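Reading the structure
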Amino acid sequence: MTATEPVAEPWGPTPDGLDRPYWDGLRVDELRLQRCNECSTWIWGPQAICGHCHSFDLGWETVEPSGTVYSWNRSWYPYMDEYADRLPYVTVLVELPHADGRRVLGILADDIETNPEIGDRVVGVFEHSEGAPWPLLRWRRAATAEGEKG
């Protein structure tokens, strides 16, 4: 690989394509999660079969990207080489009330010097980096995100 070739990002759809609707949603600033068309159970991460009723009739629905911090962790280890210069970072497990409390993992994108608290309200922001083939969903404390709109 030469210096002019773009670096393939370590994220994006899996080779089997099962999570492709999630990534396509991020491209249009939507958080999409799987939902069983038989029993209405929300599913995350993507599956080929509903773990509740065993139906194969699964769909994808747009969910409001807002929730509360269920758990969090500050990491000083660069699990991806592409982020070695962004240490430390805070990972949050966000509980989504609009998806029956399904929980999704993500990076906290605002002030990481201040520890998040369990129950903090957060909203998703869609990060479209120039040259990156796929956007990412990041989380910000709701008060921070609302202050940026004003």
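To keep things clear, this report deals only with the structure shown in the data block. (Residues numbered from 1 in each chain as written. Predicted model: local features only at pLDDT ≥ 70, side-chain atom pairs only at ≥ 80, totals over all residues. Heavy atoms only, no water.)

Concerning the overall build of the protein
Secondary structure assignment for the protein yields two helices and eight strands. Along its sequence from the N terminus, the protein presents helices and strands in the succession α-β-β-β-β-β-β-β-β-α. Evaluated residue by residue, the protein yields a buried proportion of 34% over its 150 residues. Partitioning the contacts of the protein with sequence separation of at least 6, the portion at a separation of at least 24 is 53%. If you sum the accessible surface of the protein, you get close to 9,000 Å²; carbon and sulfur atoms cover 49% of it. (Helix = DSSP H or I, 4+ residues; strand = E, 2+ residues; numbered from the N terminus. Buried < 20%, exposed > 50% of the residue type's maximum accessible area, 1.4 Å probe, protein only. Contact = heavy atoms within 4.5 Å. Areas by Shrake-Rupley, 256 points an atom, 1.4 Å probe, with all protein chains shown as cover.)

A few points about the layout of surface pockets
Its volume calculated, the largest pocket comes out at about 780 Å³. As for the largest pocket, its lining consists of 30 residues, of which Met80, Gly106, Ile107, Leu136 and Arg138 are closest to the centre. Looking at which element gives the most residues to the lining of the largest pocket, the answer is strand β6 (residues 102-108), with five residues. The residue makeup of the lining of the largest pocket, split by class, is 21 nonpolar, four polar and five charged. (1 Å grid on protein atoms, 1.4 Å probe; cavity = no way out; pocket = protein on both sides within 12 Å on 5 of 7 lines; lining within 4 Å. Points joined across faces, edges and corners; volume = space filled by probe spheres on them. Nonpolar A, V, L, I, M, F, W, Y, C, P; charged D, E, K, R; others polar.)

Concerning the packing of aromatic side chains
Under the counting rule described, the total for this entry stands at three aromatic pairs. On the basis of an interplanar angle of 45° and a centroid distance of 5.0 Å, the ring pair of tyrosine 22 and tryptophan 44 is categorised as tilted. Of this pair, tyrosine 22 sits in helix α1 (residues 20-27) while tryptophan 44 sits in the loop between β2 (42-43) and β3 (58-63); the two residues are 22 residues apart in sequence, bridging distant segments of the chain. Here the aromatic rings of tryptophan 23 and tryptophan 134 are separated by 6.2 Å at their centres, their planes lie at 65°, and the arrangement is edge-to-face. With a gap of 111 residues between them, tryptophan 23 in helix α1 and tryptophan 134 in the loop between β7 (121-127) and β8 (136-141) connect regions that are remote in the sequence. You'll find tryptophan 23 and tryptophan 134 in the same group, each marked buried. (Phe/Tyr/Trp six-rings, centres within 6.5 Å; stacked < 30°, edge-to-face > 60°.)

What about the sheet that holds strand β1 (residues 31-36)?
One open sheet holds the three strands; their spatial order is β2-β1-β3, and the pairing between them is antiparallel. Both outer strands of the open sheet, β2 and β3, are each paired with one neighbouring strand and no more. Bridging between β1 and β2 involves two bridges; their strand directions are antiparallel. Paired with glutamine 34 across the bridge in β2 is isoleucine 43. (Pairing = 2+ DSSP bridges.)

Some words on the nonpolar core
Core analysis: the largest hydrophobic core is formed by 22 residues, its most contacted members being Trp23, Leu33, Val92, Val94, Leu96 and Trp139. Of all the secondary-structure elements, those providing two or more residues to this core are α1, β1, β5 (89-96), β6 and β8. No other element matches the four residues that β5 contributes to this core. (Core = buried A, V, L, I, M, F, W, Y, C linked by side-chain atoms within 4.5 Å.)

A look at the sheet that holds strand β4 (residues 66-75)
Spatially, the five strands close up into a barrel ordered β4-β5-β6-β8-β7, and their pairing is mixed. Direction aside, neighbouring strands of the sheet carry axes that sit 50° apart on average. As paired strands, β4 and β5 are joined by seven bridges and run antiparallel to one another. Each bridged residue has a counterpart across the sheet, and for serine 71 the counterpart in β5 is leucine 93. (Axes fitted to C-alpha atoms, helices over the stretch in contact; angles between N-to-C directions.)

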